[in-house]
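Structural description and commentary
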Amino acid sequence: MSIHAFAPRPRRAAQGVWLPAACLGLDGSAAQAVLADWLQAWGLSVPLSLQAGTQAGEIGWWVGLAPQVADTWMPHFDTLHLAQVVEATLKAPPEHALACETLLAMLGSPLGYPFSSFEAWASAVRVRCHIAQAAQRTALAFKTQAAERPEAFWRYDEDHGFVLQAGANLVDALVAATQPEATGRLYDFSCYRATEYVILLGVVRELAAHHPALLAQLQQVNEFHAIRSGLFHDTSLVEHGEHAAPLPPKFYVPGDRVWFRNPDIVSSDITGYEGSWVIYMGGGLFSNFWRRDAPFTLDAKCVEIFHWRHALALDEDGDLCIDEGLVARHVADTVADPQRLHQVLGRMMRHRDGKGIYAEGGCIDTTREHPRCVAQAQTSLPQTLATLMQGWQAAATEPVLVAEAPLTQQCPP
């Protein structure tokens, strides 16, 4: 393949991973060889397909699995069994198994992942692996109306949330809050906030090894103000896909943050049961922060959420709540009845309805979320963090407006 491959042509949906020609050259055969060597360093040797394409006006290559391989290993973009392919078919070294699964899923993606360099792609894979591994180790206490953190590392500020104690190590602080081996106890979290801590831990582990300057900046930010909720999404994450063109129901990449929606209008109105935020850990398993020894399969997650509607109860204050014991009994009954299980999964494995709509949709989200690139060659996070800090510091120094008082009254110092 030559430079003529980059001539204008009918556009097709981007699939797999995009890399610039500056990384791979303009010759297709040479690009194949470069890619093969790079993947082999991860313990991965697979047939690839290359297609010339542009990204933000720059010429490059869309790299994907060869079509026959993709159809065999991940039919209909189902990535839930890729770990078995990595182990049984590719026989990848155990220390590279999660990275190989991540690479395969990205190469087989129905929606492309663009990277500016091999360094950026490698960084993204490492971050995803760190997140998946952190999710496996996370164990928390489920509380929707309360939250606590280990005081040796965190302090609560009404305006700024849980901020890092001055001088505390951010990696150690995140581990202490989410992994009970560090402190001997479980801390109260909502599932949404838990995913933020797990993702941040994955990111800072990468920065500690490959971008210490950015880690120092992130440490400083967390000592001043928590990045949480919508701000965390906007600052730290990329939403992969869109509601108008949903990702396939069984397409997940290790390290993805995933939302499962509760499609029942009544039980979804109970705080904490609007849905469930989890991390895809690879191997067909999703995080269970409340019982880490019992991670969810996709089927199990769907069945659990379906039965929230059948476990309504009243708490000690007379407010509507969910009886988790009753949920477990309903789940066990459904799993033991193949016909009933087929019916429930048929309902829940649909893509969710739009916001505010409770009709025929299921619990599967149309998008996935993953961290923005933090590789030195591609990241925009330093500027984003600098802008946040400037805004927060400016707000902190603004004069406080007080009620109008007589001229003789002095304001306190």
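Keep in mind that this is a model prediction, so the values were computed, not measured.

Moving on: the overall build of the chain. Helix and strand content of the chain: 14 helices and 15 strands. In terms of overall size, the chain behaves like a compact globule, its C-alpha atoms giving a radius of gyration of 24 Å where 413 residues would be expected to give roughly 22 Å. Along the longest, intermediate and shortest principal axes, the C-alpha atoms of the chain span 85 × 60 × 40 Å. Buried positions account for 49% of the 413 residues belonging to the chain. In the chain, of all internal contacts separated by at least 6 residues, the share reaching a separation of at least 24 is 69%. Taken as a whole, the chain presents about 19,900 Å² of accessible surface, with 54% of it coming from carbon and sulfur. For the chain, the distance from the average position of its 29 positive side-chain charges to the average position of its 44 negative side-chain charges is 5 Å.

Oppositely charged side chains may form a pair once their charged atoms are brought near each other. If you walk through the whole model with that rule in mind, you get ten salt bridges. Measuring nitrogen to oxygen at the nearest pair gives 2.9 Å for the salt bridge that ties Arg-257 to Glu-369. Taken together, the residues span a long stretch of sequence, with Arg-257 in strand S10 (residues 257-261) and Glu-369 in strand S15 (residues 368-371) at a distance of 112 residues. By relative accessible area, Arg-257 is classed as buried at 1%. For Glu-369, a relative accessible area of 6% gives the class buried. Arg-350 is paired through a salt bridge with Glu-360; the nearest N and O atoms lie 3.5 Å apart. Placement of Arg-350 in the loop between helix H13 (338-348) and S15 and of Glu-360 in the loop between H13 and S15 is noted, with a sequence separation of ten residues between them.

Turning next to the sheet that holds strand S2 (residues 48-55). On the basis of which strands lie adjacent, the open sheet formed by four strands has the order S2-S3-S1-S4 and mixed pairing. The sheet terminates laterally at S2 and strand S4 (113-114), the two strands that pair on one side only. Direction of pairing for S2 relative to strand S3 (residues 58-65): antiparallel, over a ladder of eight bridges. Counterpart to Gly-53 in the pairing with S3 is Gly-60. Set on the sheet, helix H2 (residues 28-40) makes contact with strand S1 (17-20), S2 and S3; between it and S2 the angle comes to about 110°.

A few words now on helix H8 (residues 191-210). Taking 1.5 Å of rise per residue, 20 residues should cover 28 Å, and H8 covers 29 Å from first to last C-alpha, within 8% of that figure. Within H8, 14 of the 20 residues are buried, which leaves it mostly tucked inside the rest of the structure.

Positionally, Gly-108 belongs in the loop between helix H5 (97-107) and S4. Taking the C-alpha atoms as reference points, Gly-108 and Met-74, separated by 34 residues in sequence, lie 7.6 Å from one another. The residues contacting Gly-108, other than those within four sequence positions of it, are Leu-65, Met-74 and Phe-77.

Moving on to the state of the cysteines. On inspection of all chains with the given rule, the structure shows zero disulfides. Between Cys-100, a free cysteine, and Cys-129, which holds the nearest cysteine sulfur, the sulfur-to-sulfur gap is 9.0 Å. With no disulfide of its own, Cys-363 lies closest to Cys-302 among cysteine sulfurs, the gap being 3.6 Å. Judged by its relative accessible area of 0%, Cys-363 is buried.

Residue position: Ser-117 is located in the loop between S4 and helix H6 (118-137). A distance of 3.1 Å separates the side chain of Ser-117 from the backbone nitrogen of Ala-120, its partner in a polar contact. Setting aside residues no more than four positions away along its own chain, Ser-117 makes contact with Leu-19, Pro-20, Cys-23 and Ala-377.

Criteria and cut-off values
- Residues numbered from 1 in each chain as written.
- Predicted model: local features only at pLDDT ≥ 70, side-chain atom pairs only at ≥ 80, totals over all residues.
- Heavy atoms only, no water.
- Helix = DSSP H or I, 4+ residues; strand = E, 2+ residues; numbered from the N terminus.
- Rg over C-alpha atoms; globule rule 2.2 N^0.38 Å.
- Buried < 20%, exposed > 50% of the residue type's maximum accessible area, 1.4 Å probe, protein only.
- Contact = heavy atoms within 4.5 Å.
- Areas by Shrake-Rupley, 256 points an atom, 1.4 Å probe, with all protein chains shown as cover.
- Lys, Arg positive; Asp, Glu negative; His and termini not counted.
- Charge placed at Lys NZ, Arg CZ, Asp CG, Glu CD.
- Salt bridge = Lys/Arg side-chain N within 4 Å of Asp/Glu carboxyl O.
- Pairing = 2+ DSSP bridges.
- Axes fitted to C-alpha atoms, helices over the stretch in contact; angles between N-to-C directions.
- Expected span 1.5 Å × (residues − 1).
- Disulfide = S-S within 2.5 Å.
- Polar contact = N/O pair within 3.5 Å; in protein donor to acceptor, adjacent residues only side chain to side chain.

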